[in-house]
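Chains, contacts and geometry: an overview
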There are 4 protein chains.
Amino acid sequence: MASDAQQACFEAGIKFGALYHQFAGTPVSPASAPSLETAIEESIENQPFCEGVAVDILTDRLDVEHGYTELTGEYMEVEMRIDYEGTEVVAEMAMQDGYPLMELASVE
Amino acid sequence: MASDAQQACFEAGIKFGALYHQFAGTPVSPASAPSLETAIEESIENQPFCEGVAVDILTDRLDVEHGYTELTGEYMEVEMRIDYEGTEVVAEMAMQDGYPLMELASVE
Amino acid sequence: MASDAQQACFEAGIKFGALYHQFAGTPVSPASAPSLETAIEESIENQPFCEGVAVDILTDRLDVEHGYTELTGEYMEVEMRIDYEGTEVVAEMAMQDGYPLMELASVE
Amino acid sequence: MASDAQQACFEAGIKFGALYHQFAGTPVSPASAPSLETAIEESIENQPFCEGVAVDILTDRLDVEHGYTELTGEYMEVEMRIDYEGTEVVAEMAMQDGYPLMELASVE
């Protein structure tokens, strides 16, 4: 059997994979970024054990040569809190070496 | 060569396919539906020739047995206006016979 | 009322938007590109009025620094045939000026 | 710091969330299901620490009234093996109570 801490980490991973692959590719501009941030946060917070999601779309990095671009990990920082049966996990996503790295910040 | 009216219809179709397949599967509840409607509208309005998008998530139809469900065509009505070189197309999506039908309402 | 040619162009657009926004973001490597090409073609060919889809993932352009990358328009060329009530539309997608341009090749 | 077992569970979750939200909504029919199964498996196997993915699309459950339907958790069973620094996790997805449940089968 998996421990509660392992389950909590599994749940955190599910939310990150969901968030990324649901919204990657969405057309986004500096003007539309705030509504997209809110929608991403509120949609993922619907999922079980998810206590909070904070999404920051890095609008000053968006390529706006064509007026908008498609959302990828390059343009997004995410922090998420999961609570599974009393174990709290904080997980984060940010770019590292050109790759959108998702990692566990704390498991308590 | 395609006419401007044909191009306008092609552009309308692109936006509908994009909207549907980008956002289908998003976790949604009655509480999170308004932010998702706004994000869908503003993201698709970024695309070329798109003058306006109105999305209505049918919150009273959402299956909330698990607190939320995944967005599909069953839960969504959409109206969109495209302007391509002066030709205006209005297109709509709504359920018909259990299938999310996308159709041209007017081409002028 | 929209003409059959306009309807055919609308249908072509729907398939392009669907194809792009369903599969953008999919992890892809040179080794997995062939199965993804086939799956994209066969899934979109399920849609109404779609006679044929040919997808070419440009494997020599894929960034493989991390072993794989995420599919975007930059890595993909597409040709599609739509038949709506006897009107045949051919539409194509390829990069132009750093933007994945979808266009009508012929309407007959 | 998270343990290797916790990291392995986090990685398993990421792959499940990615798989589900990347491919949910894909048009699928009994005829196109095999190519989609292969593409899903091979695309997710590209991701770090992912040793193997097996996807079974339940073709006899597909609603084919319109010739095809959109892929959801209802139509799919998945098993996945993750190896993170020597810890092996097996995770599974199947329907339970009308909800596509993702769970840890073993952590070793």
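Everything discussed here concerns the structure shown above.
The paragraphs below set out a description of the structure included in this document. Each chain has its residues counted from 1, running along the sequence as written. Here the convention is simple: chains get letters from A, ligands get numbers from 1, in the order in which they are written. Totals for whole chains, interfaces and linings use every residue, but because this is a predicted model, local features are given only for residues with pLDDT of at least 70 and side-chain atom pairs only at 80 or more, for both listing and counting. Hydrogens are left out, water is left out, and the side-chain values use all remaining heavy atoms of the structure.

Regarding the interface of chain B and chain A
Definition in use: Note on contacts: a residue pair qualifies if any of its non-hydrogen atoms lie within 4.5 Å across the two residues. When two parts are brought into contact, each loses some accessible area as probed by a 1.4 Å sphere; the total of that loss over both is the buried area. For salt bridges, the criterion is a side-chain nitrogen of Lys or Arg within 4 Å of an Asp or Glu carboxyl oxygen. For the purposes of these results, a polar contact is taken to be a pair of N or O atoms within 3.5 Å, where, inside protein, one atom must be able to donate a hydrogen and its partner to accept one; residues adjacent in sequence count only when each atom of the pair is a side-chain atom. Comment: elements are numbered from the N terminus, with helices defined as DSSP H or I runs of at least four residues and strands as E runs of at least two. Any residue outside Ala, Val, Leu, Ile, Met, Phe, Trp, Tyr, Cys, Pro, Asp, Glu, Lys and Arg is labelled polar, Gly included; the first ten of those are nonpolar and the last four are charged.
Between chain B and chain A, the residue contacts involve 20 residues of the former and 20 residues of the latter. Of all residues in chain B, B:Q22, B:P27 and B:N46 bury the most surface against chain A, accounting for 34% of the area lost on that side. Applying the counting criterion to the chain B and chain A interface returns zero salt bridges. Here chain B and chain A share 13 residue pairs in polar contact (both at pLDDT 80 or more) between them. Of all the secondary structure elements, the ones that give two or more residues to the side of chain B that touches chain A are α1 (4-23), β1 (27-28) and α2 (33-45) of chain B. Here the side of chain B that touches chain A gets six residues from one element, more than from any other, and that element is α2(B). Counted by class, the side of chain B that touches chain A contains nine nonpolar, 10 polar and one charged residues.

Observations concerning the relation of the copies chain B and chain A
Selection criterion: Residues below a pLDDT of 70 in either copy are left out; the C-alpha atoms of the rest, at least 70 in both, set the least-squares superposition of the copies.
With an axial shift of 0.0 Å and an RMSD of 0.0 Å, the rotation relating chain B to chain A amounts to 180°. The operation mapping one copy onto its partner corresponds to a two-fold rotation axis. Closest to the rotation axis within chain B is the C-alpha of B:A39, separated from it by 3.1 Å. Taken together, the interface assignments show that 100% of the residues at the interface of chain B recur at the interface of chain A, consistent with an identical surface on both copies.

Details of the interface of chain D and chain A
Tallying the contact residues gives 22 residues for chain D and 22 residues for chain A. Around 1,700 Å² of area is buried between chain D and chain A when both sides are counted, 70% of it from carbon and sulfur atoms. The largest share of the area that chain D buries against chain A comes from D:Q6, D:F10 and D:H21, three residues that together contribute 36% of it. The tally of links between chain D and chain A comes to zero salt bridges. Remark: the boundary between chain D and chain A carries four residue pairs in polar contact (both at pLDDT 80 or more). Elements supplying a minimum of two residues to the side of chain D that touches chain A: α1 (4-23) and β6 (99-107) of chain D. When residues in the side of chain D that touches chain A are grouped by element, the largest group, 13 residues, is from α1(D). Among the residues forming the side of chain D that touches chain A, the class breakdown is 14 nonpolar, seven polar and one charged.

Regarding the relation of the copies chain D and chain A
The two copies are related by a screw motion: chain D maps onto chain A through a turn of 180° and a shift of 0.0 Å along the axis, at an RMSD of 0.0 Å. With an isologous cut-off of 70% or more, the 100% of interface residues of chain D that recur at the interface of chain A puts this contact in the isologous class.

Topic: the environment of C:P48
Using the following cut-off: Exposure is judged per residue with a 1.4 Å probe applied to protein chains only, and the accessible area is read against the type maximum: over 50% gives exposed, under 20% gives buried, and values in between give partly exposed.
Position of C:P48 among the secondary structure elements: in the loop between α2 (33-45) and β2 (50-57). Owing to a relative accessible area of 29%, C:P48 belongs among the partly exposed residues under this scheme. C-alpha separation for the pair C:P48 and C:I82, spaced 34 residues apart in sequence, amounts to 8.8 Å. When sequence neighbours within four positions are dropped, the list of residues in contact with C:P48 reads B:Y99, C:E11, C:K15 and D:Y68.

Thoughts on the side chain of D:T26
Looking at the element boundaries, D:T26 is found in the loop between α1 and β1 (27-28). Polar side-chain contacts of D:T26 include one of 3.2 Å to the side chain of C:Q22. Excluding residues within four positions of it along the chain, D:T26 makes contact with C:Q22, C:F23, C:S43, D:L36, D:T69, D:E70 and D:L71.

As for the pairing of strand β4 (residues 76-84) of chain B
Residue and element names in this part refer to chain B. For clarity, the threshold we go by: Strands are treated as partners if at least two bridges between them are detected by DSSP.
Side-chain alternation along β4 places M76, V78, M80, I82 and Y84 on a buried face and E77, E79, R81 and D83 on a face that remains uncovered. Two strands pair when backbone bridges link them, and strand β2 (residues 50-57) and β4 are joined in this way by seven bridges, in the antiparallel orientation. The residue bridging A54 from the neighbouring strand is E79, located in β4. Direction of pairing for β4 relative to strand β5 (residues 87-96): antiparallel, over a ladder of seven bridges. Directly across from E79, in β5, lies its bridge partner E92. Between β4 and β5, which pair antiparallel and follow one another directly, the connecting turn spans two residues, one of which, E85, has a positive phi of 50°.

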